[in-house]
Amino acid sequence: MIYKTDEIHMPMKNQLTEAGTAPYIPAANTTGLPFMSVVSPIYKAEVILPVLVERLIRSLSLITDNFEIILVCDGSPDNSWAVMTKLAEQHSCLIVVKLSRNFGQHYAMTAGLDLARGEWTVVMDCDLQDQPEEIHRLLEKANEGFDIVVARRIERKHKLWKRITSNLFAKLFNLMSGLHLDSSVGSFRIMKRTVVEGLCNMRETHRLFGGLVEWLGFDTASIDVQHSERFEGQSSYNLVRLFVMAMDGMISFSNRPLYISIALGTILSIASGMYGLSLLLKYSFGGISSISGWLSTILAVTFLGGIILLNQGILGLYLGRLYSQSKSRPLYVISKIIQTKQNTKLSGEGQPI
């Protein structure tokens, strides 16, 4: 069947619940094998896609006959969507989704998770640095009684600056939020259906996938995996984008920056008061004949002015989050959904036409 929808705003009628998640309707399962979903956001991956799909199908076929692969094109400027459409015509297990524009990796993940129906759902990037052949190990570990199993990369193949910034972000995030992010863990993981439903119920405007999953809790385990070189191309994340994502994550998951600004302001106020009192006592008892030091005064004023502006900026970020959330805009907009199976065509609302 072919789902082909144009200009559809999420959540979609008859396809998603009010919370945004797809209704859990597993395919008929008479083998006892799990129904699995794989979600992968796609951006600048036209060369990678055929290899990614071939390796995913081969790996999943060794685990179960009942699976779906959901690829979400996040406004990719290359020929990725055309390649995805062609692959969907060849493989009935593929569901390809095109977002109306580039919303960002974590929003594309959300779109895929909203549509996923598996008892177990795997999330992975499309660059093949995380290997589909490791999925069976994730599932084996999950079957020991865990709701989430993450892949911990033994030796990261990223550039040195990215490894350093990732480690720094993880430490700052953990300090600010009280949660625990492991810098050696990326998006690659397997999650039980209850975890996916809980994640999809969180419709926060500013999203950090790892942080949201960590906040949910659930029984979590990890396995060590080999991290491969990027199959083709370069990462779209530069230093500026990583910094913005780090700031969004820390502000979204913690109000500790506000407490830090309050503490800093209090300390500076006490320190300046004590310094002023000491000068007044020295002047009163003749220790100094006059109070001089224009340079120190100017430095103090400019320093305090900078602190005030910093505190106002932090407060402004939190107010901006409230403003963005109050608009209640959809997290993403879907332009098309295509799945080819038995040559049956469905309309945008999921009804046969």
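As the structure is a prediction and not an experimental result, all values here were calculated from the model. (Residues numbered from 1 in each chain as written. Predicted model: local features only at pLDDT ≥ 70, side-chain atom pairs only at ≥ 80, totals over all residues. Heavy atoms only, no water.)

Caption draft 1: Spotlight on the overall build of the protein chain. The number of helices and strands found in the protein chain is 10 helices and 11 strands. Across the 353 residues that make up the protein chain, the buried fraction comes to 44%. Within the protein chain, residue pairs in contact and separated by at least 24 positions form 83% of the contacts whose partners lie at least 6 positions apart. (Helix = DSSP H or I, 4+ residues; strand = E, 2+ residues; numbered from the N terminus. Buried < 20%, exposed > 50% of the residue type's maximum accessible area, 1.4 Å probe, protein only. Contact = heavy atoms within 4.5 Å.)

Caption draft 2: Inspection of a nonpolar patch on the surface at higher detail. On the surface, a nonpolar cluster with roughly 460 Å² of combined accessible area is contributed by Leu-277, Leu-280, Leu-281 and Phe-285. Following the sequence through the fold, Leu-281 ends up in helix 9 (residues 256-284). (Patch = residues over 30% accessible without salt bridge, like charges linked within 9 Å, V, L, I, M, F, W, Y side chains within 5 Å. Areas by Shrake-Rupley, 256 points an atom, 1.4 Å probe, with all protein chains shown as cover. Salt bridge = Lys/Arg side-chain N within 4 Å of Asp/Glu carboxyl O.)

Caption draft 3: Structural detail: the pairing of strand 9 (residues 220-225). Taking every second residue as pointing to the same face, the buried face of strand 9 carries Ala-221, Ile-223 and Val-225, while none of Thr-220, Ser-222 and Asp-224 on the other face is buried. When strand 7 (residues 148-153) meets strand 9, the two strands line up parallel, connected through 6 bridges. Along strand 9, the bridge assignment pairs Ile-148 with Thr-220. (Pairing = 2+ DSSP bridges.)

Caption draft 4: Region of the structure containing helix 6 (residues 193-200). Across the 8 residues of helix 6, 6 count as buried, placing the element largely inside the fold. Arg-193, Val-195, Val-196, Gly-198, Leu-199 and Cys-200 are the residues of helix 6 that are buried. Close packing links the buried residues of helix 6 with helix 3 (105-115), strand 6 (120-123), strand 7, strand 8 (185-192) and helix 7 (209-216).

Caption draft 5: Examining the nonpolar core more closely. Core analysis: the biggest nonpolar cluster contains 41 residues, and Met-36, Leu-49, Leu-52, Ile-69, Leu-71, Ile-135 and Ile-190 have the highest contact counts within it. Looking at this core, the element that brings in the most residues is helix 1 (residues 49-61), giving 6 residues. Ignoring any residue separated from it by four or fewer positions in sequence, one finds Leu-71 in contact with Ser-40, Ile-42, Leu-49, Leu-52, Val-53, Met-84, Leu-94, Ile-95, Val-96 and Val-97. Counting residues in hydrophobic clusters, the runner-up holds 36 residues, among them Val-72, Tyr-107, Ala-116 and Phe-209. (Core = buried A, V, L, I, M, F, W, Y, C linked by side-chain atoms within 4.5 Å.)

Caption draft 6: Just the packing of aromatic side chains, in detail. Applying the stated criterion across every chain yields a total of 0 aromatic pairs. For Arg-101, the ring lying beneath its charged end belongs to Phe-103, and the centroid distance is 3.9 Å. (Phe/Tyr/Trp six-rings, centres within 6.5 Å; stacked < 30°, edge-to-face > 60°. Lys NZ or Arg CZ within 6 Å of the ring centre and 35° of its normal.)

Caption draft 7: Molecular detail of the packing of helix 6 against helix 7. Packing of helix 6 against helix 7 leaves a shortest axis separation of 10 Å and a crossing angle of 115°. Helix 6 and helix 7 meet at a crossing whose hand is right-handed. In this structure, helix 6 contributes Val-195, Gly-198 and Leu-199 to the contact, and helix 7 contributes Phe-209, Leu-212, Val-213 and Leu-216. Class assignment of the residues belonging to the contact of helix 6 with helix 7 gives a composition of 6 nonpolar, 1 polar and no charged. (Axes fitted to C-alpha atoms, helices over the stretch in contact; angles between N-to-C directions. Left-handed = near helix turned anticlockwise from the far one by under 90°. Nonpolar A, V, L, I, M, F, W, Y, C, P; charged D, E, K, R; others polar.)

Caption draft 8: How the structure looks around helix 2 (residues 80-90). Of all the residues in helix 2, the buried ones are Ser-80, Trp-81, Val-83, Met-84, Thr-85, Leu-87 and Ala-88. For helix 2, the secondary structure elements touched by its buried residues are strand 3 (36-42), helix 1, strand 4 (67-73), strand 5 (94-99) and strand 10 (333-338).

Caption draft 9: Just the confidence of the model for the protein chain, in detail. For the protein chain, per-residue confidence averages 77 on the pLDDT scale, and 73% of positions sit at 70 or higher. Segment residues 1-28: pLDDT under 50, and 84 contacts once partners within four positions in sequence are set aside and those in other chains are kept. Confidence drops under a pLDDT of 50 for residues 342-353, and excluding neighbours within four residues, the segment shows 23 contacts in the predicted structure. (pLDDT = per-residue confidence, 0-100.)

Caption draft 10: Highlighting the packing of helix 1 against helix 2. Interhelical geometry of helix 1 versus helix 2 gives an angle of 35° and a closest axis separation of 10 Å. Our pair here, helix 1 against helix 2, has a crossing hand that is right-handed. Taken together, the residues of helix 2 that come into contact with helix 1 (itself represented by Leu-49, Pro-50 and Val-53) are Ser-80, Val-83, Met-84 and Leu-87. Across the contact of helix 1 with helix 2, the residue classes tally to 6 nonpolar, 1 polar and no charged.

Caption draft 11: Here's a closer look at the pairing of strand 4. Of all 7 residues that make up strand 4, 7 are buried, and the element is covered over most of its length. The side-chain alternation of strand 4 yields two buried faces, one formed by Phe-67, Ile-69, Leu-71 and Cys-73 and the other by Glu-68, Ile-70 and Val-72. As defined by bridge partners, strand 3 adjoins strand 4 across 7 bridges and the pair is classed as parallel. The partner of Met-36 across the bridge, within strand 4, is Phe-67. This β-α-β element, strand 3 to helix 1 to strand 4, shows right-handed connectivity. As paired elements, strand 4 and strand 5 share 5 bridges and run parallel to each other. For Val-72, the partnering residue across the bridge sits in strand 5 and is Val-97. Handedness of the crossover is the feature at issue here: the chain leaves strand 4, passes through helix 2, returns alongside strand 5, and the resulting connection is right-handed. (Right-handed = clockwise from strand over helix to strand, strands pointing away.)

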